[in-house]
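# Structural description and commentary
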Amino acid sequence: DTCAGHSHNDYEQEFPLKTALEAKFCSIEADIIYCPPTLERPASLRLGHTDIYAIDQTAEEAEICEKSTTLQETYIEPLLEHIAA
């Protein structure tokens, strides 16, 4: 198989990972932010990126920690299922 390309910011796609695998992309990029534990949720790795020029990156990261999906549910689990199939 030949490499068909690179999926930049793949998590922004309608169907992350799946579309890239179907297109035979050889690399997938996802920006990951560590979200420390809170009373409401355990520590996790979430998908998203902040504007490096933002005045308040902490607020942007907090929003990502509240609203975005996890690396585990978006990539790790589906990838393990894909490999097992």
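Residues numbered from 1 in each chain as written. Predicted model: local features only at pLDDT ≥ 70, side-chain atom pairs only at ≥ 80, totals over all residues. Heavy atoms only, no water.

## Some remarks on the overall build of the protein
Put simply, the rule reads: Only DSSP runs of H or I covering at least 4 residues are called helices, and only runs of E covering at least 2 are called strands; the numbering of each starts at the N terminus. For every residue, the accessible area (1.4 Å probe, protein chains only) is compared with the maximum for its type, and the residue is labelled buried under 20%, exposed over 50%, or partly exposed between those bounds. Whether two residues are in contact is decided by their heavy atoms, any of which lying within 4.5 Å being enough. Accessible surface is estimated by sampling points in the Shrake-Rupley manner with a 1.4 Å probe; for residues, cover comes only from the protein chains shown.
When you go through the protein residue by residue, the secondary structure sums to 3 helices and 4 strands. Reading the helices (α) and strands (β) of the protein from amino to carboxyl end gives β-α-β-β-β-α-α. Counting over 85 residues, the protein shows a buried share of 25%. In the protein, once contacts between residues fewer than 6 apart in sequence are set aside, the share between residues at least 24 apart is 29%. Roughly 6,200 Å² of accessible area belongs to the protein as shown, and the carbon and sulfur atoms make up 57% of that amount.

## Looking at the side chain of threonine 50
Of note, threonine 50 is situated in the loop between β4 (44-47) and α2 (57-67). On the basis of relative accessible area, threonine 50 is assigned to the buried category, the value being 17%. Residue contacts for threonine 50: discarding those within four places in its chain leaves Ile33, Gln57, Glu60, Glu61 and Ile64.

Remember that the coordinates give geometry; whether it matters functionally is a separate question.
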